[in-house]
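Secondary and tertiary structure notes
Each chain, written out:
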Amino acid sequence: MYNIPMMKIQLVKEGKIPSESRPLIKTPDNVAEIMFDLCELHAEEHFYCLLLNTKNRVNGIQNISTGSLSAAIIHPREVFKAAILANSAAVILCHNHPSGDPTPSPEDITLTKKIVDAGKFLDIPILDHLVIGDRRYISFKEQNLI
């Protein structure tokens, strides 16, 4: 006889980022203000998701992947795992380029399109993707890449 394991899935809070209130996201600048300090701490690429409620307020931030100097491995299922558990209405993607150049790579563009398509299927829209480098950013939304 085979014993099938019982599973429990749980969202675990790992810490907090100081903020006077739950930030409201209206523009890419709002995202950059939250993420600049977090992204500049790292010498390697980090890929984050900002999890938003129905009013576009940040419910949480998840570090999806930590990579190398020039890449991080990301799969859409990892992006949406926390979004589903946190009952997120939408997601904003953000990652840093340790080189300091926030120009999206062709791989960044391809990956983002793949994640956007998955979000459409799950009815969790990707509102933007920011690439941050040296306290500058490029917004996929502003560049019409989303």
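What follows is about the overall build of the protein chain. Helix and strand content of the protein chain: 3 helices and 5 strands. Walking the protein chain from its N terminus toward its C terminus, one meets helices and strands in the order α-β-β-α-β-α-β-β. Taken over 146 residues, the protein chain has a buried fraction of 41%. For the protein chain, the accessible area works out to roughly 9300 Å², and carbon and sulfur atoms hold 53% of it.

Below, the discussion takes up the sheet that holds strand E4 (residues 126–133). Strand order across the open sheet formed by 5 strands is E2-E1-E3-E4-E5, with mixed pairing between neighbours. What marks the edges here is a single partner per strand, and that holds for strand E2 (58–66) and strand E5 (136–139). On average, each strand axis in the sheet is tilted by 20° relative to the strand beside it, whichever way the strands run. Here 6 bridges tie strand E3 (residues 90–96) to E4, and the two strands are oriented parallel to one another. Within E4, the residue paired with Val91 across the bridge is Ile126. Here helix H1 (residues 28–39) sits on the sheet in contact with strand E1 (46–52), E2, E3, E4 and E5, set at roughly 45° to E4. Of the strands in this sheet, E1, E3 and E4 touch helix H3 (residues 106–122), which is tilted by about 155° from E4.

Looking now at the packing of aromatic side chains. This model, assessed by the stated rule, comprises 1 aromatic pair. Centroid distance Phe36 to Tyr137: 6.4 Å. Interplanar angle 45°. Geometry classified as tilted. Taken together, the positions of Phe36 in helix H1 and Tyr137 in strand E5 put the pair 101 residues apart, joining distant regions of the chain.

When E4 meets E5, the two strands line up antiparallel, connected through 4 bridges. For Ile132, the partnering residue across the bridge sits in E5 and is Tyr137. Connecting the antiparallel pair E4 and E5 is a turn made up of 2 residues, with Asp134 showing a positive phi of about 50°.

A few words on the environment of Leu130. Structurally, the position occupied by Leu130 is in strand E4. Under the relative-accessibility criterion, Leu130 is labelled buried at 0%. In sequence terms Leu130 and Pro28 are 102 residues apart; their C-alpha atoms lie 7.5 Å from each other. Residues in contact with Leu130, not counting those within four places in the same chain, are Pro28, Val31, Ala32, Leu93, Cys94, His95, Tyr137, Ile138 and Ser139.

Position of Thr112 among the secondary structure elements: in helix H3. With a relative accessible area of 1%, Thr112 lands in the buried category. Once residues within four sequence positions are removed from consideration, Thr112 is found in contact with Leu93, His129, Phe140 and Ile146.

Our next topic: the pattern of salt bridges. Within the structure shown, the criterion is met by 3 salt bridges. Residue Asp37 is joined to Arg135 by a salt bridge in which the shortest nitrogen-to-oxygen separation is 3.1 Å. Within this pair, whereas Asp37 is found in helix H1, its partner Arg135 is found in the loop between E4 and E5, the two being separated by 98 residues in sequence. Between Glu78 and Arg77 there is a salt bridge whose closest N-O contact spans 3.8 Å. In this structure Glu78 comes out as partly exposed when scored by relative accessible area, which is 30%. The exposure class assigned to Arg77 is exposed, which follows from its relative accessible area of 55%. One network of salt bridges, with partners in common, ties together Arg77, Glu78 and Lys81.

Parameters and conventions
Residues numbered from 1 in each chain as written. Predicted model: local features only at pLDDT ≥ 70, side-chain atom pairs only at ≥ 80, totals over all residues. Heavy atoms only, no water. Helix = DSSP H or I, 4+ residues; strand = E, 2+ residues; numbered from the N terminus. Buried < 20%, exposed > 50% of the residue type's maximum accessible area, 1.4 Å probe, protein only. Areas by Shrake-Rupley, 256 points an atom, 1.4 Å probe, with all protein chains shown as cover. Pairing = 2+ DSSP bridges. Axes fitted to C-alpha atoms, helices over the stretch in contact; angles between N-to-C directions. Contact = heavy atoms within 4.5 Å. Phe/Tyr/Trp six-rings, centres within 6.5 Å; stacked < 30°, edge-to-face > 60°. Salt bridge = Lys/Arg side-chain N within 4 Å of Asp/Glu carboxyl O.

The analysis is restricted to geometry; functional conclusions fall outside its scope.
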